[in-house]
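Examination of the molecular architecture
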Amino acid sequence: MFLSEALSINSKGHLEIGGCDAVELAREFGTPLYVMDEGLIRRNCSSFRDSLMKHYGGNGLILYASKAFCAMAMCRIIESEGLGLDVASGGELYTAIKSGFSMERVYFHGNNKTEGEIELAVENNVGRIIIDNREELFKVHRLASGLGRKVRVTFRIKPGIDAHTHDAVKTGMSNSKFGLTLENGEALEVISQAKAMENIIIKGIHCHIGSQLFHIAPYKAAAQTMVDFLDRIRKTLGVELEEINLGGGFGVRYTARHSSIDIDSFIGEICRTVKEECEKRGIKPPALLLEPGRSIVAPAGITLYTVGTVKGGNGFNRYIIVDGGMADNPRYVLYQAPYEALLAHHPQAPAVSEATIAGKSCESGDILIRNIAMPEVKPGDILAVLATGAYNYSMSSNYNRLPRPAVLLVRNGRARVIVKREDYEDIVRNDIIPDDL
Ligand SMILES: *Cc1c(COP(=O)(O)O)cnc(C)c1O
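Residues numbered from 1 in each chain as written. Predicted model: local features only at pLDDT ≥ 70, side-chain atom pairs only at ≥ 80, totals over all residues. Heavy atoms only, no water.

1. Thoughts on the pattern of salt bridges
Here is the rule: When a carboxyl oxygen of Asp or Glu lies within 4 Å of a side-chain nitrogen of Lys or Arg, that pair is called a salt bridge. Strands here are runs of E lasting at least two residues and helices are runs of H or I lasting at least four, both read from the DSSP assignment and numbered beginning at the N terminus. Exposure classes here rest on a 1.4 Å probe applied to the protein chains alone. A residue is buried below 20% of its type maximum, exposed above 50%, and partly exposed in between.
Following the criterion strictly, the structure yields 25 salt bridges and no others. Across the pair Glu189 and Arg134 runs a salt bridge whose closest N-O atoms are separated by 3.0 Å. Of the two residues, Glu189 sits in helix 7 (residues 186-195) while Arg134 sits in helix 6 (residues 134-147), which places them 55 residues apart along the sequence. Residue classification places Arg134 among the partly exposed positions, given a relative accessible area of 23%. Ionic pairing is found between Lys220 and Glu269, a salt bridge with its closest N-O pair at 3.0 Å. Linking Lys220 in helix 8 (residues 217-237) with Glu269 in helix 9 (residues 263-281), this pair joins segments that are 49 residues apart in sequence. The exposure class of Glu269 is partly exposed, given its relative accessible area of 25%. Salt bridges sharing common partners tie together Glu38, Arg42, Arg49, Asp50, Glu81, Arg411 and Arg416.

2. A look at the packing of aromatic side chains
What counts is decided by this rule: Paired rings are identified among Phe, Tyr and Trp, the last through its six-membered ring, by centres lying within 6.5 Å, and are further divided according to the angle between planes into stacked (under 30 degrees), edge-to-face (over 60) and tilted (the rest).
Applying the stated criterion across every chain, the model contains 7 aromatic pairs. A ring pair is formed by Tyr219 and Phe266, whose centres lie 5.6 Å apart and whose planes are at 80 degrees; its orientation type is edge-to-face. Remark: Phe266 occurs in helix 9 and Tyr219 occurs in helix 8; sequence separation between them is 47 residues. By relative accessible area, Tyr219 is classed as buried at 1%. Taking the centre distance of 5.7 Å and the plane angle of 75 degrees together, the rings of Tyr254 and Tyr339 count as edge-to-face. Placement of Tyr254 in the loop between strand 12 (243-245) and helix 9 and of Tyr339 in the loop between helix 11 (331-335) and strand 16 (341-343) is noted, with a sequence separation of 85 residues between them. For Tyr339, a relative accessible area of 4% corresponds to the buried category. An aromatic cluster is built from Phe48, Tyr219, Phe250 and Phe266, whose rings are joined through pairwise contacts.

3. Overview of the nonpolar core
Going by this rule: What makes a nonpolar core is a set of buried Ala, Val, Leu, Ile, Met, Phe, Trp, Tyr and Cys residues whose side-chain atoms join them at distances within 4.5 Å. Domain boundaries shown here were taken from an automatic or database domain assignment.
Membership of the largest hydrophobic core comes to 134 residues, with the highest contact counts inside it found for Phe155 and Ile205. Of the residues forming this core, the biggest block, 9 residues, is contributed by helix 8. Shared between two domains, this core takes at least three residues from each, and those domains are domain 1 (7-37 + 298-428) and domain 2 (109-292). Of all hydrophobic cores here, the second largest spans 5 residues; its members include Leu61, Tyr107, Ile130 and Leu289.

4. Description of the state of the cysteines
Operational definition: We call a pair of cysteine sulfur atoms a disulfide when they lie within 2.5 Å.
Scanning the model with the defined rule gives 0 disulfides in all. Cysteine Cys45 shares no disulfide, and the gap to the nearest cysteine sulfur, in Cys75, comes to 12 Å. Here Cys207 is not disulfide-linked; the sulfur of Cys278 is the nearest cysteine sulfur, at 14 Å. By relative accessible area, which is 0% here, Cys207 ends up buried.

5. Brief notes about the site of the ligand
Spelled out, the test is: For each residue, the test is whether any non-hydrogen atom lies within 4 Å of the molecule or strand; if one does, the residue is near. A 3.5 Å cut-off defines polar contacts: any pair of N or O atoms within that distance qualifies, except that in protein one atom must be a possible hydrogen donor and the other a possible acceptor, and neighbouring residues in sequence count only when both atoms are side-chain atoms. Computed with a 1.4 Å probe, the accessible areas rest on the Shrake-Rupley method; for each residue, only the protein chains presented here act as cover. Here the term cavity refers to a set of points on a 1 Å grid, laid over the protein atoms alone, in which a 1.4 Å probe fits but cannot get out; the term pocket refers to an open set having protein on both sides within 12 Å along at least five of seven lines, with lining residues being those that place an atom within 4 Å of a point. Should more than half of a molecule's atoms lie within 2 Å of a pocket's or cavity's grid points, that molecule is taken to sit in it.
By nearness alone, 15 residues border the ligand, and Lys67, Ser211, Glu291, Arg294 and Tyr391 come closest of all. Note that an oxygen atom of the ligand is positioned 2.9 Å from one of the backbone N or O atoms of Gly293. Protein contact buries 92% of the 390 Å² of open area that the ligand shows by itself. Under a 2 Å grid-point criterion requiring more than half of the atoms, the pocket assigned to the ligand is the largest pocket.

6. Some points on helix 2 (residues 38-56)
Test applied: Given a helix with a known number of residues, its expected span is that number minus one, times 1.5 Å.
Given a rise of 1.5 Å per residue, 19 residues ought to cover 27 Å, and the 27 Å separating the end C-alpha atoms of helix 2 matches this to within 8%. Phi turns positive, to about 60 degrees, at Gly57, one or two residues after helix 2.

7. Considerations on the packing of helix 7 against helix 8
The cut-off we apply is this: With axes taken as lines fitted to C-alpha atoms, and helix axes fitted only over the stretch in contact, angles between N-to-C directions fall between 0 and 180 degrees. Working definition: roughly parallel below 35 degrees, roughly antiparallel above 145 degrees, roughly perpendicular at 65 to 115 degrees, and oblique for all remaining angles. Take the far helix as your reference; a near helix turned counterclockwise from it by less than a right angle gives a left-handed crossing, and one turned clockwise gives a right-handed crossing. Whether two residues are in contact is decided by their heavy atoms: any pair within 4.5 Å suffices.
Interaxial distance between helix 7 and helix 8 falls to 11 Å at its minimum, and their mutual angle equals 50 degrees. On the basis of their axis angle, the class for helix 7 and helix 8 is oblique. Note that helix 7 runs across helix 8; the crossing there is right-handed. Contact residues: helix 7 offers Ala187, Leu188, Ile191, Ser192 and Lys195, while helix 8 offers Phe229, Arg232, Ile233, Thr236 and Leu237.

8. Let's talk about the domain arrangement of the protein chain
Where we set the bar: By convention, the term buried area covers the 1.4 Å-probe accessible surface removed from two parts as they join, with the contributions of both added. Any residue that is not Ala, Val, Leu, Ile, Met, Phe, Trp, Tyr, Cys, Pro, Asp, Glu, Lys or Arg is counted as polar, Gly included; the first ten are nonpolar and the last four charged.
Partitioning the protein chain into structural domains gives domain 1 (7-37 + 298-428) and domain 2 (109-292). Each of domain 1 and domain 2 has a C-alpha centre, and the two are 36 Å apart. Between domain 1 and domain 2, the contact holds 9 residues from the first and 10 residues from the second. Summing the contributions of domain 1 and of domain 2, the shared interface buries around 760 Å²; its carbon and sulfur component is 64%. For the pair domain 1 and domain 2, the number of links is 1 residue pair in polar contact (both at pLDDT 80 or more). Taken together, the residues of the side of domain 1 that touches domain 2 break down into 6 nonpolar, 1 polar and 2 charged.

9. A short note on the pairing of strand 11 (residues 200-206)
Using the following cut-off: Strands are labelled as partners when DSSP assigns at least two bridges between them. Handedness of a crossover is defined as follows: orient the strands so they point away from the viewer, and if the path from the first strand over the helix to the second runs clockwise, the crossover is right-handed.
Buried residues dominate strand 11, accounting for 6 of its 7 residues. As paired strands, strand 11 and strand 12 are joined by 3 bridges and run parallel to one another. Residue pairing for strand 12: Ile205 is matched across the bridge by Ile244. Since strand 11 and strand 12 lie parallel, the crossover through helix 8 that links them has a hand, and here it is right-handed.

10. A short note on the side chain of His14
Mapped onto the elements, His14 comes out in the loop between strand 1 (7-9) and strand 2 (15-17). In this structure His14 comes out as buried when scored by relative accessible area, which is 14%. Excluding anything up to four places from it in sequence, His14 contacts Ser8, Ile9, Asp21, Val23, Ala344, His345 and Pro347.

11. A look at empty space enclosed by the protein
Note the following rule: Grid points are joined across faces, edges and corners, and a volume is the space filled by probe spheres set on the points.
As enumerated under the stated definition, the model contains 2 cavities of 30 Å³ or more in all. Here the largest cavity defines a volume of roughly 50 Å³. Around the largest cavity, the lining residues are Ala121, Val122, Asn125, Val126, Ile129, Lys150, Val151 and Arg152. For the lining of the largest cavity, the secondary-structure elements that each account for two or more residues are helix 5 (115-123) and strand 9 (151-158).

The structure is reproduced here in structure tokens:
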């Protein structure tokens, strides 16, 4: 049996998260239900923060990549842990604003920011706008000038590194849709254009090479490339950059087959590489930023479902059908992301055969987990899918007009709703019947 980090088994033999009995949570709050362990989120924040302090004297900042799980309560947790926030859209930025997050610690990403989004960022004085492309630099400069503001920017660079992960989450290669190309001189040229812009303050360079990475080598390669580029910018443009941001993507243990990475030794290696590369070139180490997303929240979450029916078996596929699916977790559908599942009332029940956990949406492809060894399961059982804290709620949809589940935050036996369950009124809220119909 695999238990993700937030979980334990209580004296009744039930699954427990944040001191709460998962069966009781399902009964009280209904299913499907996202449950997030606040204690583990905070421990993950502090392990990144403490490692940066230990290995780099705290000269930098850990930014939580909020697209993994973004809600006002989550922004509050990040703020209280002293981390910064990486947002990648106007909606994520607006969530941060509404939560009262300190704007100087908000870093605004995105490869096609709209004018409205840029204005929202500039008016609210975000800490950084990460410039993705040449058009965006001109757009940001024009809008900032129009508003009479100066903006601090960093530039997203494609360092040309293959992070050897799923194609859908590789982002650092020269043919990626994100960022400026290093090898053909585009990145240097755009930064030199920025240098001439009065309302643009150049702060640094950024890269993010991919996600769900378990090896240190691509991070070290990225660190070398970025320090080298920082040095080149200094020599050719005479611009001294204050910071480099090496992105996120730290691998997460979704299933027993994944290894776990030791955050402290990972951060240690990255810091050492940056310092060594700087020393070789005789430059002062810049502030170092990192942007973990999934590694902060994925292991802290589970999703609880009620089993509606069990079909097949006897030579046919055994299907366990639950009351959610691709609408609340599209990650299997998107990239065959693996998950594990347990029965909440009997997580240690021995497996009897393989099964496929499928959802209730009208697609044969609506699968949560394919071919997983499962015990006897009967209708009405509460099934927990593990390590769903990242990119589940944030990627959820209303497909089939399914209301989105609630999100609970649990800690020390207390459960609080941080995103309320949608109801049917939410489903029709934006529908309009024109007068002539
Ligand atoms: C998505 C993203 C991250 C976080 O990735 P994880 O795999 O969740 O750690 C960090 N930085 C940028 C720019 C991203 O787009």
